[in-house]
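This is what each chain is made of:
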Amino acid sequence: MKPRTVDKIATGVIVFFALLIVGILLSLLGYILMRGLSHLSLDFLFSAPQKIRAGGGVGPQLFNSIYLLLLTLLITVPLGLGAGIYMAEYARPGRITGFIRLIVEVLSSFPSIVVGLFGLLLIVNYFNLGFSLVSGALALTVFNLPLMVRITEQAFRTVPKQQKEAGFALGLSKWKIVTSVLFPVALPTIITGTILSAGRVFGEAAALMFTAGMSSPRLNFHNWNPLSPTSPLNPFRPAETLAVHIWKINSEGLAPDAAQIAAGASAVLVITILVFNLAARFFGRYIYRKLTASKRMN
Amino acid sequence: MRGKLKQSRFEKHHIEDFIGRSYMSFCVLLLVVIIISMVYFVASKGVSTFISGDVTVSQFLFGTKWSPEAETPSFGAFPFIAGSFLVTFLAALIASPLSICAALFMTEIVPGWGKKLLQPVIELLSGIPSVVYGFIGLSVIVPFLRNTFPGQGIGVAAGALVLSVMILPTITSVAADALSSLPQNLKESSFALGATRWQTISRVIIPTTLPAIMTGVVLGMARAFGEALAVQMVIGNAPFIPRSLFESASTLTSVITLGMGNTTMGSAHNNALWSMALVLMLMTFVFIFLVRLLERRNKI
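Just so it is clear, the model here is predicted, and its values are computed rather than measured.

Each value, and the rule that gives it
Residues numbered from 1 in each chain as written. Chains lettered and ligands numbered in written order. Predicted model: local features only at pLDDT ≥ 70, side-chain atom pairs only at ≥ 80, totals over all residues. Heavy atoms only, no water. Helix = DSSP H or I, 4+ residues; strand = E, 2+ residues; numbered from the N terminus. Rg over C-alpha atoms; globule rule 2.2 N^0.38 Å. Buried < 20%, exposed > 50% of the residue type's maximum accessible area, 1.4 Å probe, protein only. Contact = heavy atoms within 4.5 Å. Areas by Shrake-Rupley, 256 points an atom, 1.4 Å probe, with all protein chains shown as cover. Lys, Arg positive; Asp, Glu negative; His and termini not counted. Charge placed at Lys NZ, Arg CZ, Asp CG, Glu CD. Domains from an automatic or database assignment. Buried area = accessible area lost by both parts, 1.4 Å probe. Salt bridge = Lys/Arg side-chain N within 4 Å of Asp/Glu carboxyl O. Polar contact = N/O pair within 3.5 Å; in protein donor to acceptor, adjacent residues only side chain to side chain. Phe/Tyr/Trp six-rings, centres within 6.5 Å; stacked < 30°, edge-to-face > 60°. Lys NZ or Arg CZ within 6 Å of the ring centre and 35° of its normal. Expected span 1.5 Å × (residues − 1). Bend = angle between axes of the 7 residues up to and from the residue. pLDDT = per-residue confidence, 0-100. Core = buried A, V, L, I, M, F, W, Y, C linked by side-chain atoms within 4.5 Å. Axes fitted to C-alpha atoms, helices over the stretch in contact; angles between N-to-C directions. Parallel < 35°, antiparallel > 145°, perpendicular 65-115°, else oblique. Left-handed = near helix turned anticlockwise from the far one by under 90°. Nonpolar A, V, L, I, M, F, W, Y, C, P; charged D, E, K, R; others polar.

## Digging into the overall build of chain B
Here is step 1 of the chain: In terms of helices and strands, chain B carries 13 helices and 2 strands.
Here is step 2 of the chain: By the compact-globule yardstick of 19 Å for 300 residues, chain B is too spread out, its C-alpha radius of gyration being 25 Å.
Here is step 3 of the chain: Here chain B holds 300 residues, and the buried ones make up 51% of them.
Here is step 4 of the chain: The long-range share in chain B, meaning contacts at least 24 apart out of those at least 6 apart in sequence, stands at 68%.
Here is step 5 of the chain: Carbon and sulfur atoms form 67% of the exposed surface of chain B, whose accessible area is close to 14,200 Å².
Here is step 6 of the chain: Looking at chain B, you have 20 positive and 13 negative side-chain charges, and the mean spots of the two groups are 9 Å apart.

Take a look at the structure:
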């Protein structure tokens, strides 16, 4: 065969496979939305699930997912920022830095179920926090922290060197340079990354099954005292999230409309992640414009 | 003079500097503490099977009979280890060619809009939660396999297909990074010699970036090996070594997922599950070792 013909065939194959991936994604999204949207209603989003009868909703699960996400971000963002800035600005190349880099790599590639089991052993049993939102948030911290470190480090590394040097030339201390010169420039990237990582936390289930638990107590949405056991804000109560709920009704659901509930809940999950994706893009651009008075972004 | 110097050491910006530095060191230290305690706790729980029980390491790793609740229980985890490796390799086999084509499409064929088209697709695919993949596998792939092939539909093939979509983004993004960081002059000199695009891709671009592409494949395999819920939903969870692709099987993760909630802490059954978690953790180290090895080759 002529090389030119081979080239044409190979190009065709490559284009075909690339478009196949686009097709896979579109059909995935289409399938989830088609099956799920018909089941979505305000009642489904806000009512409590039913065990055996049809017509249950995902209200508490949705609330738990959002609350857990907020708790997790509250812990991981400051810690991730600290460690990430250290890695980008303070760590000198050498053995110890290499070791820390290895740790971040190992931590981010641990299977989430192993993270969940570790949480079960240390947080749930040893620290005696039980199946609770706090345990779940701490397990998700293990899961999310390496991501935050990477995001922060990369964001700081992309800041042009001249900005830092200009700061030094003005006689600023290192801390001042980090907080008032580098941080504002890195912030849009950090926010984009954080929102994307939030999407991952929102859909995570395996790490939560053994830490936040697989049940949700009866919640009273008029009781906002964080110490009461029926209050949705109480961080020491068990909490089943949306993703765990999808897994549970698929493997052991007894309600006759379990498949529809799974479809509806999956649609909610995927729509939320789409929203996170769009928000990440939008916020990143918006904040960059606000902070730097320029329209260009990377 | 001396007094002035001494005073300046405690000026506001020095204190700020010190606090900031301490805080950041604390954060890094926390990472170290987390990983050490993780390895310690999972390992100490994982080896208790071999210390207290009468199961030896080889019985656990190569025994083919899993009946933890029987009169004389036996804890052979080989069917699950085999299942894990089987679905992982199959998933990598399906996903790698697709991903490499996608990466070539983005960087070599139509670098402009190809990247604009595929980048968001890859990001979204990697963002879809694993339970949603499991749900789709259960409601689309399993019925499809049941109607087209012998068997129940649930099984190794369904697990491998679901996993292959899940690891597509990992391999694609690493491969695309590798391809786009290739020095331009390599390609240009190949074109100057009169080579076609495919000749350049197959004889110049792929061979030079192969270690980096393999890094992506290994990272994808690591993800597939540790994935729990999506696989558990579609693989069938039978404790046997599968004899065909359409037979039900189990993976390490699926057995842990199902068993951990139903066994009491400290029982032999429970300990065996922790030993599987230890195997999972050790495999993570193996995958990272492979990645590092490939990265070293990549630099030369």
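## Quick notes on the side chain of Ser173(A)
Here is step 1 of the chain: Examined against the element boundaries, Ser173(A) turns out to sit in the loop between helix H7 (161-169) and helix H8 (174-203).
Here is step 2 of the chain: Since its relative accessible area comes to 12%, Ser173(A) is described here as buried.
Here is step 3 of the chain: If near-sequence neighbours (up to four positions away) are discounted, Ser173(A) is found in contact with His13(B) and Asp17(B).

## Focus on the domain arrangement of chain B
A common way to express how large an interface is: the accessible area buried when the components associate.
Residue and element names in this part refer to chain B.
Here is step 1 of the chain: Split into domains, chain B comes out as domain 1 (1-53) and domain 2 (67-297).
Here is step 2 of the chain: Counting from both sides, the interface comprises 11 residues of domain 1 and, opposite them, 11 residues of domain 2.
Here is step 3 of the chain: Carbon and sulfur atoms supply 73% of the area buried between domain 1 and domain 2, which totals about 800 Å² over both sides.
Here is step 4 of the chain: Contact with domain 2 buries surface across domain 1, with Val42, Lys45 and Thr49 losing the most and accounting together for 58% of the total.
Here is step 5 of the chain: Counting across the domain 1 and domain 2 interface gives 0 salt bridges.
Here is step 6 of the chain: Linking domain 1 with domain 2 are 4 residue pairs in polar contact (both at pLDDT 80 or more), by the criterion used here.
Here is step 7 of the chain: Listed by contribution, the elements that provide at least two residues to the side of domain 1 that touches domain 2 are helix H2 (12-46) and helix H3 (48-51).

## Here's the deal with the side chain of Glu227(B)
Residues and elements named next belong to chain B.
Here is step 1 of the chain: Relative to the elements of secondary structure, Glu227 occurs in the loop between helix H10 (197-226) and helix H11 (229-235).
Here is step 2 of the chain: Buried and unpaired, Glu227 has no salt bridge, with Arg223 as the nearest side chain of opposite charge at 5.2 Å.
Here is step 3 of the chain: Within the structure, the side chain of Glu227 is placed 3.5 Å from the side chain of Ser130, a separation counted as a polar contact.
Here is step 4 of the chain: Not counting residues within four places of it along the chain, the set of residues in contact with Glu227 comprises Ser130, Leu163, Met166 and Thr253.

## Digging into the packing of aromatic side chains
Here is step 1 of the chain: Inspection of the entire model under this criterion finds 18 aromatic pairs over all chains.
Here is step 2 of the chain: Pairing Phe50(B) with Phe60(B) gives two aromatic rings, centres 5.5 Å apart and planes at 75°, and the pair type is edge-to-face. One end of the pair, Phe50(B), is in helix H3; the other, Phe60(B), is in helix H4 (residues 57-62), with 10 residues separating them in the sequence.
Here is step 3 of the chain: In this structure Phe60(B) comes out as buried when scored by relative accessible area, which is 1%.
Here is step 4 of the chain: The ring of Tyr90(A) has Lys174(A) lying over it, and the distance from NZ or CZ to the ring centre is 5.0 Å.

## Concerning H8(A)
Here is step 1 of the chain: Spanning 30 residues, H8(A) covers only 38 Å between terminal C-alpha atoms, well under the ideal 44 Å at 1.5 Å per step.
Here is step 2 of the chain: At Phe183(A), H8(A) shows its largest kink, close to 60°, and the proline Pro184(A) lies no more than four residues downstream.

## A closer look at unusual backbone geometry
One can expect most non-glycine residues to show negative phi and most peptide bonds to be in trans.
Here is step 1 of the chain: Its identity as a non-glycine residue notwithstanding, Asn128(A) has a phi of 60°, on the positive side.
Here is step 2 of the chain: Tracing the sequence through the fold places Asn128(A) in the loop between helix H5 (112-126) and helix H6 (133-157).
Here is step 3 of the chain: Phi angles above zero are rare outside glycine, and Asn237(B) is one such case at about 60°.

## A few points about the interface of chain B and chain A
Here is step 1 of the chain: Each partner contributes residues to the interface: chain B has 73 residues there, and chain A has 76 residues.
Here is step 2 of the chain: When the two sides are added together, the surface that chain B and chain A hide from each other amounts to roughly 6,900 Å², 83% of it contributed by carbon and sulfur.
Here is step 3 of the chain: Of all residues in chain B, Met24(B), Leu31(B) and Phe135(B) bury the most surface against chain A, accounting for 10% of the area lost on that side.
Here is step 4 of the chain: Counting every contact that joins chain B to chain A gives 3 salt bridges.
Here is step 5 of the chain: One salt bridge connects Glu123(B) with Arg281(A), and the closest N-O pair in it is separated by 3.0 Å.

## Points about the confidence of the model for chain A
Here is step 1 of the chain: Averaged over all residues, the pLDDT of chain A is 85; the fraction at 70 or higher stands at 95%.
Here is step 2 of the chain: Looking at the elements of chain A, mean pLDDT is at its lowest for helix H2 (residues 42-46) of chain A, recorded as 73, and at its highest for H6(A), recorded as 91.

## Quick notes on the nonpolar core
All names here are of chain B.
Here is step 1 of the chain: Tyr133 and Met276 are the most contacted members of the largest nonpolar core, which totals 178 residues.
Here is step 2 of the chain: Both domain 1 (1-53) and domain 2 (67-297) contribute no fewer than three residues apiece to this core.
Here is step 3 of the chain: Among residues more than four places away in sequence, those in contact with Met276 are Phe60, Trp66, Ala77, Phe80, Leu252, Val255 and Ile256.

## A closer look at the pattern of salt bridges
Here is step 1 of the chain: The final tally for this structure, using the stated rule, is 9 salt bridges over all chains.
Here is step 2 of the chain: In this structure, Arg101(A) engages Glu153(A) in a salt bridge whose closest nitrogen and oxygen atoms are separated by 2.8 Å. Here the residue Arg101(A) occupies a position in helix H4 (residues 95-109), and Glu153(A) occupies one in helix H6, the gap between them amounting to 52 residues.
Here is step 3 of the chain: Relative accessible area serves as the criterion here: at 10%, Glu153(A) is assigned to the buried category.
Here is step 4 of the chain: For the salt bridge of Arg292(B) with Glu105(A), the shortest nitrogen-to-oxygen distance reads 2.7 Å. In this pair, Arg292(B) is assigned in helix H13 (residues 268-299) and Glu105(A) in helix H4, connecting two distinct chains.
Here is step 5 of the chain: Residue Arg292(B) is classed as partly exposed on the basis of its relative accessible area of 29%.
Here is step 6 of the chain: Put simply, Arg101(A), Glu153(A) and Arg157(A) are held in one network by salt bridges that share partners.

## Some words on the packing of H4(A) against H2(B)
Here is step 1 of the chain: One way to put it is that H4(A) packs onto H2(B) with a least axis distance of 10 Å and a crossing angle of 55°. As the angle between them shows, H4(A) and H2(B) are arranged oblique. In terms of crossing hand, the pair formed by H4(A) and H2(B) is left-handed. Each of Phe99(A), Ile100(A), Ile103(A), Val104(A), Val106(A) and Leu107(A) in H4(A) lies in contact with H2(B), whose residues at this interface are Val28(B), Leu31(B), Val32(B), Ile34(B), Ile35(B) and Met38(B).
Here is step 2 of the chain: Along the lines of polarity and charge, the residues of the contact of H4(A) with H2(B) split into 12 nonpolar, no polar and no charged.

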